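# Chains, contacts and geometry: an overview
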Amino acid sequence: MYKNLVTRRACAWAVTSFFFSFPLTTVAQTASPPPPAGAPLKVAFVYVAPLTEAGWVRQHEQGRLAVAAALGSQVQTHFVDNVAEGADAERVIRDLARQGHGLIFTPSFGYMEPTLKVAKEFPGVKFESITGYKTAPNVATANARYYEGRYLAGIAAGRMATQAGYVAGFPIPEVIQGINAFTLGMRAVNPAATVRVVWLGEWFNPPRERDAAMTLMNQGAEVLAFHTGSTAVMAAAQERGKLAVAYHSDMRHVAPDAQIAAVTHLWGDYYTRRAKAVLDGTWQSASVWGGVREGMIRVDGFGSKVPAAVRQEVLARQADMAAGKLSVFAAKTAVLNNAGQVAIVAGQALSDADILNMNWLVDGVQGKLGQ
């Protein structure tokens, strides 16, 4: 056992679950055997950063609590937090499998390869690689269309500011999608808007996240966004009297004046349904990519400085997105990258494959990938 391995039994929490229908792309047809009659399913979660009051890990922890609340004594849920990607992750995941966990969720992109390696050793255990893209007979993948929330938040930011700063972890497609969507949202309502990016090369380092935020504000950023794991950027904006978009969680408790909106991730329903599938023997490897329509992403938590008209505009666009009437990477007019080349042809839309392999920055973003 690890010193930061925590067990939470069901029925100890009152967690509200919202249930939606997710699109499942099945990649393997071998169903999993249910756990022995009368035995609870042991479900584990591996977290890439410390469990804090808000952020990436917190939202997955809310998902774990939703599983415990929904399935009661049918499950025992555990988590290990602050597990570095790489060899550390492989060791932890393997240990959890050895301890009899029948379902293991690994929500970090850098956990994908360790998860696949351990899964080969434990074919009877089911694994869910969250943000990964490689599957196996006992490894499923799931991710959310975070970029949809980024676009909506960009609309709010563009109505309230022109110069934005963006603190980013790694230049992987998921992060690039968000930067581009945020910029497109800003420029949809404020064509003069620009976004300057600082790359950190890590997901969770509050002091460096704060330093990057301070640098961006010193360079003229009026509003900040970020794709890292702590609340440091929000706290920095609050301190300097600037605006910011919360990511993963509502962060108004950290930045009550700075927060204009939050791009919130919702994992409870997906995690619950996957655990239930193991219990009833219907679990199959699949790939899921859900967004606003599926209830996995939501923009909420509007701050006190946001005019009512801006809130209404963002919520109206969110309703359009949920109804399938608004697609972020569909172009009425040609969309250029920040090198002046056509990235999306007028009248066309990027395919999911194009979005999943995005490796360019849209016009309006200052800087280069990884620099």
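These numbers were taken from a predicted model, which means no experiment stands behind them. (Residues numbered from 1 in each chain as written. Predicted model: local features only at pLDDT ≥ 70, side-chain atom pairs only at ≥ 80, totals over all residues. Heavy atoms only, no water.)

A few words now on the confidence of the model for the protein. The share of residues in the protein with pLDDT of 70 or more is 90%, and the mean pLDDT across the chain is 90. Note on residues 1-32: pLDDT under 50 across the span, and 81 contacts to partners over four residues away in sequence or across chains. (pLDDT = per-residue confidence, 0-100. Contact = heavy atoms within 4.5 Å.)

We now examine the layout of surface pockets. There is about 490 Å³ of room inside the largest pocket. Leu184, Ala330, Ala331, Lys332 and Val335 are, among the 19 residues lining the largest pocket, the residues nearest its centre. Per element, the largest residue contribution to the lining of the largest pocket is 3 residues, and it comes from helix α5 (residues 173-189). When its residues are assigned to classes, the lining of the largest pocket shows 13 nonpolar, 2 polar and 4 charged. Together, 21 residues line the second largest pocket, and Gly132, Tyr133, Asn143, Trp289 and Leu356 are the ones closest to its centre. Contributions of two or more residues to the lining of the second largest pocket are made by β7 (139-144), α5, β13 (286-290) and α10 (352-356). Here the element with the most residues in the lining of the second largest pocket is β7; it accounts for 4 residues. (1 Å grid on protein atoms, 1.4 Å probe; cavity = no way out; pocket = protein on both sides within 12 Å on 5 of 7 lines; lining within 4 Å. Points joined across faces, edges and corners; volume = space filled by probe spheres on them. Helix = DSSP H or I, 4+ residues; strand = E, 2+ residues; numbered from the N terminus. Nonpolar A, V, L, I, M, F, W, Y, C, P; charged D, E, K, R; others polar.)

Before going further, it helps to examine the pairing of strand β10 (residues 223-227). Across a regular strand the side chains alternate sides, sitting on one face of the sheet and then on the other. Taken across its 5 residues, β10 has 5 buried, putting it largely inside the fold. Every second residue of β10 is oriented toward a common face, with Val223, Ala225 and His227 on one face and Leu224 and Phe226 on the other, all of them buried. Here 2 bridges tie β10 to strand β11 (residues 243-248), and the two strands are oriented parallel to one another. Bridge pairing links Leu224 to Ala244 in β11. Running through helix α7 (residues 232-240), the crossover from β10 to the neighbouring parallel element β11 is right-handed. (Buried < 20%, exposed > 50% of the residue type's maximum accessible area, 1.4 Å probe, protein only. Pairing = 2+ DSSP bridges. Right-handed = clockwise from strand over helix to strand, strands pointing away.)

The next thing to look at is the sheet that holds strand β17 (residues 365-366). The pairing of strands in a sheet happens through backbone hydrogen bonds and is either parallel or antiparallel. Strand order in the open sheet formed by 7 strands is β14-β12-β11-β10-β8-β9-β17, with mixed pairing between adjacent strands. In this open sheet, the two strands that pair with only one neighbour each are β14 (297-300) and β17. Where β11 meets strand β12 (residues 259-265), 5 bridges bridge the pair, whose relative direction is parallel. By the bridge assignment for β12, Ala246 is matched with Ala262. The strands touched by helix α6 (residues 206-218) are β8 (163-168), β9 (194-199) and β10; relative to β8, the strand with the most contacts, the crossing angle is about 160 degrees. (Axes fitted to C-alpha atoms, helices over the stretch in contact; angles between N-to-C directions.)

A rise of 1.5 Å per residue sets the reference length of helix α4 (residues 146-160), with its 15 residues, at 21 Å; its end C-alpha atoms lie 22 Å apart and thus fit the reference within 8%. In terms of residue burial, α4 counts as a mostly covered element, since 13 of its 15 residues are buried. (Expected span 1.5 Å × (residues − 1).)

Once that is clear, we can look at helix α2 (residues 87-98). Under the 1.5 Å per step criterion, the end-to-end length of α2 is 17 Å for 12 residues, consistent within 8% with the ideal 16 Å. When we look at burial in α2, the residues that qualify are Ala89, Glu90, Val92, Ile93, Arg94, Leu96 and Ala97. Immediately downstream of α2, the backbone of Gly100 shows phi near 95 degrees, a positive value.

For the rest of this paragraph, the subject is empty space enclosed by the protein. A full pass over the atoms with the stated rule returns 1 cavity of 30 Å³ or more. Its volume calculated, the largest cavity comes out at about 170 Å³. Every residue lining the largest cavity is counted, 14 residues in all, and those nearest its centre are Val48, Trp56, Ser108, Trp203 and His227. For the lining of the largest cavity, a count of residues per class yields 7 nonpolar, 6 polar and 1 charged.

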